[in-house]
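As a plain string of letters, each chain reads:
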Amino acid sequence: MIIQDIKVFVTNPGRNFVTVKVITDEGVYGLGDATVNGREMAVATYLEEHVKPCLIGRDPHKIEDIWQYLYMGVYWRRGPITMAAIAAIDMALWDIKGKVAGLPVYQLLGGKCRDGVTLYAHANGETIEDTLDKAAQCIEQGFSAVRLQSAIPGLSETYGVLGDKKDYFELQGNRPLPPEQDWSTSKYFDLVPELFAKAKERFGNKAKFLHDTHSRLTPIESAKLGKMLEPYNLMFLEDASIAENQENYKLIRHHTTTPLALGETYNTIWDCKDLIQNQWIDYIRSAATHAGGITGMKKIADFAAVYNVRTAPHGAPDLSPICFAAHMHLNISTHNFGIQEFVGFGNEECQSIFKHDMKLENGMILVSDAPGLGVEFDEQEAAKYEYKRSYLPVSRLEDGTLWHW
Ligand code: CS2
Ligand code: MG
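Per an unreviewed UniProt entry, the protein goes by the name Starvation-sensing protein RspA and belongs to Vibrio ezurae NBRC 102218.

Draft legend 1. Expanded view of the coordination of the magnesium ion (ligand 2). Coordination of the magnesium ion (ligand 2) by the protein is provided by Asp-212 (OD), Glu-238 (OE) and Glu-264 (OE), with metal-donor distances spanning 2.2 Å. Here the donor residues of the magnesium ion (ligand 2) are spaced in sequence according to D-x25-E-x25-E. Residue Asp-212 is located in strand E7 (residues 208-212), and its partner Glu-264 is located in the loop between strand E9 (260-262) and helix H10 (269-277); the two are separated by 52 residues in the primary sequence. Judged by relative accessible area, which is 13%, Glu-264 ranks as buried.

Draft legend 2. Representation of the domain arrangement of the protein. The domain boundaries assigned to the protein delineate domain 1 (3-103) and domain 2 (108-371). A straight line from the C-alpha centre of domain 1 to that of domain 2 covers 26 Å. In this complex, domain 1 contributes 36 residues to the contact, which on the side of domain 2 involves 32 residues. Each partner contributes to the roughly 2600 Å² buried at the junction of domain 1 and domain 2, and carbon and sulfur atoms together form 65% of this total. The three residues of domain 1 that bury the most area against domain 2 are Pro-13, Arg-15 and Trp-94, which together make up 22% of that side's buried surface. Linking domain 1 with domain 2 are two salt bridges. At the surface where domain 1 touches domain 2, the tally comes to 11 residue pairs in polar contact (both at pLDDT 80 or more). Breaking the side of domain 1 that touches domain 2 down by element, the ones donating at least two residues are strand E2 (17-24), strand E3 (29-33), helix H2 (63-71) and helix H3 (80-101). Ranked by the residues each element gives to the side of domain 1 that touches domain 2, the list is headed by H3, at 13 residues. For the side of domain 1 that touches domain 2, a count of residues per class yields 17 nonpolar, 11 polar and eight charged.

Draft legend 3. Quick look at the site of ligand 1. What surrounds ligand 1 is a group of 14 residues, the closest being Asn-37, Tyr-159, His-214, Glu-264 and Glu-341. In the model, an oxygen atom of ligand 1 is placed 2.5 Å from a nitrogen or oxygen of the Glu-264 side chain. Separating an oxygen atom of ligand 1 from a side-chain N or O atom of Asp-318 is a distance of 3.0 Å. Taking 340 Å² as the accessible area of ligand 1 by itself, protein coverage stands at 93%. Here the residues of the shell around ligand 1 are counted per class, giving four nonpolar, three polar and seven charged.

Draft legend 4. Expanded view of the sheet that holds strand E6 (residues 180-183). Strand order in the open sheet formed by three strands is E6-E17-E18, and the pairing between neighbours is mixed. Edge positions in the open sheet fall to E6 and strand E18 (402-403), since each of these has one partner strand only. Pairing between E6 and strand E17 (residues 394-397): four bridges, direction parallel. Across the sheet, the residue bridging to Gln-181 is Ser-395, located in E17.

Draft legend 5. Inspection of the nonpolar core at higher detail. Val-22, Leu-47, Ile-89, Leu-148, Phe-209, Tyr-249 and Ile-365 are the most contacted members of the largest nonpolar core, which has 112 residues in total. With 12 residues, H3 is the single largest residue contributor to this core. Two domains each provide a minimum of three residues to this core, namely domain 1 (3-103) and domain 2 (108-371). Sequence-distant contacts of Tyr-249, defined by excluding residues within four places in its chain, comprise Asp-239, Ala-240, Ser-241, Ile-242, Leu-260, Leu-262, Leu-275, Trp-280 and Ile-281. Residues Ala-145, Ala-261, Tyr-283 and Ala-312 belong to the second largest nonpolar core, which totals nine residues.

Draft legend 6. Here's a closer look at the pattern of salt bridges. Going through the model one piece at a time under the given rule, you end up with 24 salt bridges. Close ionic contact of Asp-5 with Lys-52 constitutes a salt bridge, the shortest N to O distance being 3.3 Å. Of this pair, Asp-5 sits in strand E1 (residues 3-11) while Lys-52 sits in helix H1 (residues 40-55), and the two are 47 residues apart along the sequence. The partly exposed category is assigned to Lys-52, whose relative accessible area is 23%. Among the ionic pairs, Asp-130 bridges to Lys-134, the shortest N-O distance being 3.3 Å.

Cut-offs and rules
- Residues numbered from 1 in each chain as written.
- Chains lettered and ligands numbered in written order.
- Predicted model: local features only at pLDDT ≥ 70, side-chain atom pairs only at ≥ 80, totals over all residues.
- Heavy atoms only, no water.
- Donors = N, O, S within 2.8 Å, 3.2 Å for Na, K, Ca; no water.
- Helix = DSSP H or I, 4+ residues; strand = E, 2+ residues; numbered from the N terminus.
- Buried < 20%, exposed > 50% of the residue type's maximum accessible area, 1.4 Å probe, protein only.
- Domains from an automatic or database assignment.
- Contact = heavy atoms within 4.5 Å.
- Buried area = accessible area lost by both parts, 1.4 Å probe.
- Salt bridge = Lys/Arg side-chain N within 4 Å of Asp/Glu carboxyl O.
- Polar contact = N/O pair within 3.5 Å; in protein donor to acceptor, adjacent residues only side chain to side chain.
- Nonpolar A, V, L, I, M, F, W, Y, C, P; charged D, E, K, R; others polar.
- Near = heavy atom within 4 Å.
- Areas by Shrake-Rupley, 256 points an atom, 1.4 Å probe, with all protein chains shown as cover.
- Pairing = 2+ DSSP bridges.
- Core = buried A, V, L, I, M, F, W, Y, C linked by side-chain atoms within 4.5 Å.

Pasting the structure below:
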């Protein structure tokens with residue numbers, strides 16, 4: 001069996017997705033997700049121009065060798081564009097291997113460690129009450145863990161809050177230039193402790209709660225927030241501070257026992273090695289599409305297991321159902337899996353393109369037993385939704401200083 005062709009599709013069923021199809025000479029093909037939010041065409045070009053020519057004619061079964069060929073064999077290593085391209089090829093090769101073996105990918109990764117994949121849902125609102133009402137709905141639907149994000153009074157738009165948009169697709173899918181949002185750490189501090197105090201008061205231990213600070217705080221501010229939230233026993237506080245300087249978390253860890261999660265922007269094990277080795281975090285949030293695919297995620301998860309760090313794969317709306325499926329096969333077969341972020345299977349248009357039989361039941365996903373990853377990609381349907389440039393926002397402090405979004 002050899003790789004005969006590689007096709008790259010960029011489609012926008014409300015938001016952009018980059019999908020790779022690796023086709024073999026025996027007709028079996030595999031699918032991978034290469035979506036980097038706001039930089040989709042960079043990855044598509046990297047794949048078409050720099051990856052595809054080198055892979056035609058190679059044996060698709062040689063997953064590890066091809067991964068090393070695309071990683072170690074390239075002088076300019078790491079980074080979001082390179083690793084998303086490697087990720088998509090990697091997912092597609094695991095998909096092919098599963099289809100040839102007639103087995104779901106999780107069986108190739110060691111089989112099930114658990115019956116289903118536990119999820120955390122998103123609850124966000126314009127006020128604390130509104131957010132907690134949404135959380136109550138999630139708990140009603142069977143979710144045992146809910147992320148709470150509330151609008152910050154006095155700020156135009158807050159990360160993670162839909163405002164007047166119906167879903168994240170509508171919120172993020174059509175921004176021809178980066179919208180500028182304001183940020184105030186003091187206004188944020190006025191809100192967050194109260195949000196979790198009210199959640200504790202209303203729900204007690206009925207569910208676990210999480211929060212995403214989205215890298216907005218300095219390390220000492222993160223330490224202070226972590227301490228303030230200790231009475232509310234969060235499952236984790238995510239992206240408390242920026243991820244580039246892993247040592248930030250040494251300082252935060254020194255001051256608080258609130259569990260810390262980080263890593264959705266990480267692309268390789270090198271990005272998170274010190275964090276894990278020093279147990280400065282509790283959950284590693286890397287995603288298959290951003291961290292080199294199933295192969296890349298396995299390397300990180302197995303290293304994390306040595307240091308009591310669990311996985312909590314990123315599950316944002318900008319990761320396609322193919323990435324989500326890859327996470328399900330990883331999560332069900334990884335012993336130190338922690339929890340999976342879940343924001344739904346996308347809007348109707350998205351679901352008309354990416355077809356699968358993953359089942360949501362009682363706050364868990366029951367993984368597909370179809371051979372491979374278990375996702376189909378409808379090329380005709382995808383062709384109906386043209387790429388549309390769309391940016392992530394830019395954040396500024398109230399005095400205009402550029403800040404972390
Ligand atoms: C967020 C993401 O889901 C999360 O934890 O951090 O939604 C993030 O904002 C997007 O993936 C950025 O594209
Ligand atoms: Mg996040």
